[in-house]
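Residue strings, one per chain:
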Amino acid sequence: MALSGMRGLSVFISDVRNCQNKEQERLRVDKELGNIRTRFKNEKGLTPYEKKKYVWKMLYIYMLGYDVDFGHMEAVSLISAPKYPEKQVGYIVTSCLLNENHDFLRLAINTVRNDIIGRNETFQCLALTLVGNIGGRDFAESLAPDVQKLLISSSCRPLVRKKAALCLLRLYRKNPDVVNVDGWSDRMAQLLDERDMGVLTSCMSLLVALVSNNHDAYWSCLPKCVKTLERLARNQDVPQEYTYYGIPSPWLQVKTMRALQYFPAVEDPNTRRSLFEVLQRILMGTDVVKNVNKNNASHAVLFEALALVMHLDAEKEMMSQCVALLGKFIAVREPNIRYLGLENMTRMLMVTDVQDIIKRHQAQIITSLKDPDISIRRRALDLLYGMCDVSNAKDIVEELLQYLSSADFAMREELSLKAAILAEKFAPDLSWYVDVILQLIDKAGDFVSDDIWFRVVQFVTNNEDLQPYAALKAREYLDKPAIHETMVKVSAYILGEYSHLLARRPGCSPKEIFIVIHEKLPTVSTSTIPILLSTYAKILMHTQPPDQDLQRQIWAIFSKYESCIDAEIQQRAVEYHALSMKGAALMDILAEMPKFPERQSLLIKKAEDSEADTAEQSAIKLRTQQQTSNALVLTDQRPANGAPQVNQLGLVKVPTMSNADPSTAEQGLTHANGALTVVDPQPPSTTSPDLLGDLLGTLAIEGPPGPGIAPQSDPRVASGLEGGVDALAIATVEDQTNAVQPIGDIAERFHALCLKDSGVLYEDPHIQIGIKADWRAHQGRVVLFLGNKNLGALSSVQALILSPSHLKIELSLVPDIIPPRAQVQCPLEIINLHPSRDSAVLDFSYNFGTQLVNVKLRLPAVLNKFLQPIPISAEEFFPQWRSLSGPPLKLQEVVRGVRPMLLAEMANLFNSLNLMVCPGLDPNANNLVVSTTFYSENTRAMLCLIRIETDPADRTQLRMTIASGDPTLTFELKEFVKEQLISIPITSRAATPPMPPQGQPLSPPTALLSSDPGAMLAGLL
């Protein structure tokens, strides 16, 4: 920025730098902005020099972090100036102050285009720099052809062509659908023959972007890339200014090898041989030196060459050479090189026939686990995990267990999971596996997930030879004075099932086992107590002949917990107490757990998923993978006989709400619309983890209502919403005789979700749409839960968000098919731009059989979601209230037709809307003062104050005064509060439905469907 001759600009910068504090700086900047605004109003009196000076000042103020919301037109107008100093200022300030969507940029397109197609190279460079920095869609549509012509023009200097290539790269990355590159293969091949290194480097960057989208069209460029690598490897015709610490243009070498990785293979034998010679030269010629800059450059080239060698699946000899080189790197002192060595050695594991060579460096890799740098420790852990097999599993797992005691807390969870997976995959015998898992729980209980101890229980249950050993080890761990709660769980479970196998051992009688377990009861949480109660019942069952003293002690415990507030504990205590009275019959009732069905381990599945996600089979697969849906599908697979449940990823098996006999349920009941009422005859397990409660808390699964059970829905909705302003339209797209009707009142569901963050938005006989939201300032994350309630799949699922202008909403991909009885999650990201009462609409449609259903639902992203209640004192309230004087910042209205309510009810209403009632501020006890903060991207945090004046003699009217610093916010908030006061949604209580005919499954009352998620889940279980 040339400041020579601009004395006013220099003085202003000096004044700002000399300010003693932030307040002085703000006052000086405000003064200068006021001066600039005044001078711009009289633009005719401004000389080009003055306009340039003031625009420079605006840019400096913007760089200091202050908002500059005027003068943009003056900056844009300088672009069309005939002289370089003014044009330079215009281009620089425009590219800094304006984004790609600014309307003023459209005014400059013709001027920018004239500069690009003109003959002045300086102006061409300025214009290309602006287009490259902004990269908007308007620029791409209007200027991309001219930039392409400039790139392939032989009459332009290399400086201009280099900028043209980078400008085209920016436009292509931002708008690949607009920039036309069809038929550019031959042109790109010609550009790769360029002798100028700057133009060649820029064109190689462009090629990387092009081949990443479509490598098939650019096969002719592959030999050119290899020739470029040969030229650089031999240091032929490389200017001195492009040689970095003796390395010929390392940036171009990296880009060229990156481009080659997008091609599946090199078919031509001569080209392949030449490429491998270059790679061999790079591998042989790279070493660690003392100069850090040279190290960084040479190793950047080396590691890109390693990635290319792995991608091309080179000969075993070259692969061995790569591993040996990496083994040398992981032993050096420089942490960056060690990190890259470990990372690339992990990638080499994906290549066949090199695992045995990597094992030679196992000792050095284990040493890296103790490195001071946590990133190196993580890479060493990943490498050990990947290189483990049957031959070295014991050594590696023992090292991991030894390291677990001193590992950082940030790594312990990952370390525990990987040690458990390795122990299961490569266990030489099951007793060793049990030892490892129990050691793991003992050393890192807080970081061991339930899946790990679930799995060891399955192994012990399914292997009779292992049961005495596992019971003995569990008994030994219980002798420790302090053990983790997870160890209590697994030990109690194993001893409850198999402690009778140890009866002849000293210290293992039923009474001694009971005493040692019962000592741990005061230290455990409520989630563990049910397991201990089950253990006590099992011990009592195995005690033959009965021990009266032990029996009394256990019965006393059952009696104690029969009045426990926790429903699970209370139910078990009552049932076990009653069952234990049956004497010898208890042996049959509490028989030993049967074997679990053979199935894939959840831990192994996690390992496979992790390997599929992180393994870099090749750079091309990694970089060209397509974006997949964010919708998450979960599975709930129930083990038999109430065994510990393992949550697995897959499809959700949702328990039915039917109480019908299983035989009846299997037959199903078909109604006029062809759907089944009963779809899942399995009884829900009372001990299974709460999957649905974790996801949403309410997923009421039932078939379409039978003839005797009509859904309790609003008649306005059923009749197409005639009358009724709040109800939303729902209708099938095709005119069908049996139109699918919603269950419950859609308007009431919407109003309920306006006041809370989770619940059911919509439900019909086939699908239930739930919502769970998290609102923070002007941003919100909403998750839509789409639950299929039928045995058949829902197809052609589509969701479209009709967003108002004040909301910016991004919806993740929605799967086209929702499998039977499955639930998927679709996240939405919401940003509030400015205040408004308009609602976004979800346009949702699906097919079930021959029925095509389309429904439009308002989303509860309403104004009060972006409010945050804030307490305010009298010292803060009255100055703010007085400063906001008169319209449009302060509005007052007498509201009539208010639903009569007590003052306390009105205060509760305001609190539910995130409006905080501040008592004691108004001397009149019949008045309310309310404060809140409104957040949006434009206004940021804006304080809002409300005063409500009520008349005790007439509760149907009141006077409302609302004030804020934004006129639009004041008006919208006033109208929003008025709507809430005049029409307050009341949750309707549905009438009790008639009893269904014999054999027809019972449907829950409709009121349950719109109730609290916890109550809903309790109804399911």
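Quick caveat: nothing in here was measured; it's all calculated off a predicted structure.

The rules we used
Residues numbered from 1 in each chain as written. Predicted model: local features only at pLDDT ≥ 70, side-chain atom pairs only at ≥ 80, totals over all residues. Heavy atoms only, no water. Helix = DSSP H or I, 4+ residues; strand = E, 2+ residues; numbered from the N terminus. Buried < 20%, exposed > 50% of the residue type's maximum accessible area, 1.4 Å probe, protein only. Contact = heavy atoms within 4.5 Å. Areas by Shrake-Rupley, 256 points an atom, 1.4 Å probe, with all protein chains shown as cover. Axes fitted to C-alpha atoms, helices over the stretch in contact; angles between N-to-C directions. Parallel < 35°, antiparallel > 145°, perpendicular 65-115°, else oblique. Left-handed = near helix turned anticlockwise from the far one by under 90°. Nonpolar A, V, L, I, M, F, W, Y, C, P; charged D, E, K, R; others polar. Polar contact = N/O pair within 3.5 Å; in protein donor to acceptor, adjacent residues only side chain to side chain. Pairing = 2+ DSSP bridges. Expected span 1.5 Å × (residues − 1). Salt bridge = Lys/Arg side-chain N within 4 Å of Asp/Glu carboxyl O. Core = buried A, V, L, I, M, F, W, Y, C linked by side-chain atoms within 4.5 Å. Phe/Tyr/Trp six-rings, centres within 6.5 Å; stacked < 30°, edge-to-face > 60°. Patch = residues over 30% accessible without salt bridge, like charges linked within 9 Å, V, L, I, M, F, W, Y side chains within 5 Å. Lys, Arg positive; Asp, Glu negative; His and termini not counted. Charge placed at Lys NZ, Arg CZ, Asp CG, Glu CD.

Trainee: What is the right way to look at the overall build of the chain in this model?
Mentor: In terms of helices and strands, the chain carries 42 helices and 19 strands. A total of 1021 residues make up the chain; the buried ones form 51% of that total. Across the chain, every contact between residues at least 6 apart in sequence was considered, and the portion connecting residues at least 24 apart equals 68%. Surface summary for the chain: the accessible area is close to 47,000 Å², and the carbon and sulfur share equals 51%.

Trainee: Just checking my understanding: could you explain the packing of helix H14 (residues 269-285) against helix H15 (residues 292-312) for this structure?
Mentor: Each pair of packed helices gets described by two things: the angle between the helix axes and the distance between those axes. Running from N to C, H14 and H15 cross one another at 140 degrees; their axes reach a closest spacing of 10 Å. Overall, the two elements H14 and H15 adopt an arrangement that is oblique. Helix-helix and strand crossings are classified by hand; for H14 and H15 the assignment is left-handed. Counted together, Arg272, Leu275, Phe276, Leu279, Ile282 and Leu283 of H14 and Val301, Leu302, Ala305, Leu306, Leu308, Val309 and Leu312 of H15 form the full contact between these two elements. Partitioned by chemical class, the residues of the contact of H14 with H15 number twelve nonpolar, no polar and one charged.

Trainee: How should I be thinking about the side chain of serine 580 in this particular structure?
Mentor: Its location among the elements puts serine 580 in helix H30 (residues 567-580). When its relative accessible area of 6% is taken as the criterion, serine 580 is described as buried. Among the polar contacts made by the side chain of serine 580, one reaches the side chain of tryptophan 555 at a distance of 2.8 Å. A distance of 2.8 Å separates a polar atom in the side chain of serine 580 from the backbone oxygen of histidine 577.

Trainee: What's the story with the pairing of strand E6 (residues 758-763) in this structure? I'm lost.
Mentor: In regular strands, side chains alternate between the two faces of the sheet. Counting buried positions over the six residues of E6 gives five, a clear majority of the element. Two strands pair when backbone bridges link them, and E6 and strand E7 (residues 767-776) are joined in this way by five bridges, in the antiparallel orientation. Bridge pairing in E7 links glutamate 763 to glutamine 768. Linking E6 back to E7 in an antiparallel pair, the connection comprises three residues.

Trainee: Got a minute to help me understand helix H40 (residues 967-982) in this structure?
Mentor: An α-helical turn contains 3.6 residues, so a residue and the one three or four places further along point in the same direction. The terminal C-alpha atoms of H40, which comprises 16 residues, lie 23 Å apart, in line with the 22 Å expected from a rise of 1.5 Å per residue. By the burial criterion, the buried members of H40 are Leu969, Thr970, Glu972, Leu973, Lys974, Glu975, Phe976, Val977, Lys978, Gln980 and Leu981. In this structure, the buried residues of H40 make contact with strand E14 (867-869), strand E15 (890-896), helix H39 (903-912), strand E17 (927-936), strand E18 (940-951) and strand E19 (954-964). Of the residues that open H40, the one with a side-chain oxygen 3.3 Å from the backbone nitrogen of threonine 968 is aspartate 966.

Trainee: I'm lost on the pattern of salt bridges in this one. Help?
Mentor: Close approach of charged atoms allows side chains with opposite charge to pair. Applying the stated criterion to the full structure yields 53 salt bridges. Its salt-bridge partner being glutamate 568, residue arginine 572 comes within 2.8 Å of it at the nearest N-O pair. Note that arginine 572 and glutamate 568 are positioned in helix H30 at a spacing of four residues, about one turn of the helix. Residue glutamate 568 is classed as partly exposed on the basis of its relative accessible area of 22%. In this structure, lysine 865 and aspartate 757 form a salt bridge, with 3.2 Å as the shortest nitrogen-oxygen distance. Of this pair, lysine 865 sits in the loop between strand E13 (851-858) and E14 while aspartate 757 is found in the loop between helix H37 (746-755) and E6, placing the two residues 108 residues apart along the sequence.

Trainee: Can you walk me through the environment of isoleucine 554 in this structure?
Mentor: With respect to the helices, strands and loops of the structure, isoleucine 554 is situated in helix H29 (residues 548-561). The spatial distance from the C-alpha of isoleucine 554 to the C-alpha of histidine 577 is 8.7 Å, given a sequence separation of 23 residues. Excluding its chain neighbours within four sequence positions, the residues that come into contact with isoleucine 554 are Phe514, Tyr536 and Leu540.

Trainee: What is the right way to read the side chain of threonine 961 from this model?
Mentor: Of note, threonine 961 is situated in strand E19. On the basis of relative accessibility, which here comes to 4%, the residue threonine 961 falls in the buried class. Polar contacts involving the side chain of threonine 961 include one to the side chain of glutamine 892, which spans 2.9 Å. Threonine 961 has contacts with Trp881, Lys890, Leu891, Gln892, Leu945, Ile946, Arg947 and Glu949, leaving out every residue within four places of it along the chain.

Trainee: Whenever I open this one, the nonpolar core confuses me. Can you help?
Mentor: The tendency in soluble globular proteins is for nonpolar side chains to be buried as a group. Among the nonpolar cores identified, the biggest contains 215 residues, and Leu207, Tyr218, Ile517, Leu533 and Tyr536 are the most heavily contacted of them. Here this core gets eleven residues from one element, more than from any other, and that element is helix H11 (residues 197-213). In this view, leucine 533 contacts Ile557, Phe558, Tyr561, Ile569, Arg572, Ala573 and Tyr576; residues no more than four positions away in its chain are not counted. Of all hydrophobic cores here, the second largest spans 63 residues; its members include Leu784, Ala840, Tyr846 and Phe910.

Trainee: What am I meant to see in helix H20 (residues 374-387) here?
Mentor: In this model H20 runs 20 Å from its N-terminal to its C-terminal C-alpha over 14 residues, within 8% of the 20 Å that 1.5 Å per residue would give. All of the buried residues along H20 are Ile376, Arg377, Ala380, Leu381, Asp382, Leu383, Leu384, Tyr385 and Met387.

Trainee: Any chance you could explain the packing of aromatic side chains here in plain terms?
Mentor: Where two aromatic rings form a pair, the distance of their centres and the angle of their planes describe that pair. Overall, the coordinates contain 15 aromatic pairs when judged by the stated rule. Ring geometry for phenylalanine 558 and tyrosine 576: centres 6.0 Å apart, planes at 40 degrees, overall tilted. Within this pair, whereas phenylalanine 558 is found in helix H29, its partner tyrosine 576 is found in helix H30, the two being separated by 18 residues in sequence. Given the relative accessible area of 15%, tyrosine 576 is considered buried. Ring centres of tryptophan 775 and phenylalanine 866 lie 5.5 Å apart, and the angle between their planes is 80 degrees; on these two criteria the pair is classed as edge-to-face. Of this pair, tryptophan 775 sits in strand E7 while phenylalanine 866 sits in the loop between E13 and E14, placing them 91 residues apart in sequence.

Trainee: Got a minute to help me understand the packing of H20 against helix H22 (residues 409-425) in this structure?
Mentor: Where H20 contacts H22, the axes come no closer than 11 Å and their chain directions differ by 10 degrees. When the axes of H20 and H22 are compared, the pair comes out roughly parallel. Contacts from Ile374, Arg377, Arg378, Leu381, Asp382 and Tyr385 of H20 reach H22 at Ala410, Met411, Glu414, Leu415, Lys418, Ile421 and Leu422. Tallied by class, residues from the contact of H20 with H22 come to eight nonpolar, no polar and five charged.

Trainee: Please clarify how a negative patch on the surface should be interpreted in this entry.
Mentor: Taken together, the side chains of Asp313, Glu315, Glu317 and Asp353 make up a negatively charged region of the molecular surface. Here glutamate 317 shows up in helix H16 (residues 316-329). In this structure glutamate 317 comes out as exposed when scored by relative accessible area, which is 67%.

Trainee: Would you explain the pairing of strand E12 (residues 841-848) in this entry?
Mentor: For E12, the buried fraction is high: seven of the eight residues fall into the buried class. Note: strand E9 (residues 795-802) against E12, six bridges, orientation antiparallel. Bridged to leucine 802 within E12 is valine 841. As judged from the eight bridges shared by E12 and E13, these two strands associate in the antiparallel manner. In the sheet register, phenylalanine 844 faces E13, and the bridge partner there is valine 855.

Trainee: Sorry, what's going on with the environment of leucine 472 here?
Mentor: Tracing the chain through its elements places leucine 472 in helix H25 (residues 467-478). Taking the C-alpha atoms as reference points, leucine 472 and leucine 495, 23 residues apart in sequence, are found 8.5 Å from one another. Sequence-distant contacts of leucine 472, that is, excluding residues within four places in its chain, are made with Leu502 and Arg505.

Trainee: What's the story with unusual backbone geometry in this structure? I'm lost.
Mentor: Outside of glycine, negative phi angles account for most residues, and trans bonds account for most peptide bonds. A positive phi angle, near 55 degrees, is found at alanine 777, a position not held by glycine. Inspection of the secondary structure assignment puts alanine 777 in the loop between E7 and strand E8 (779-788).

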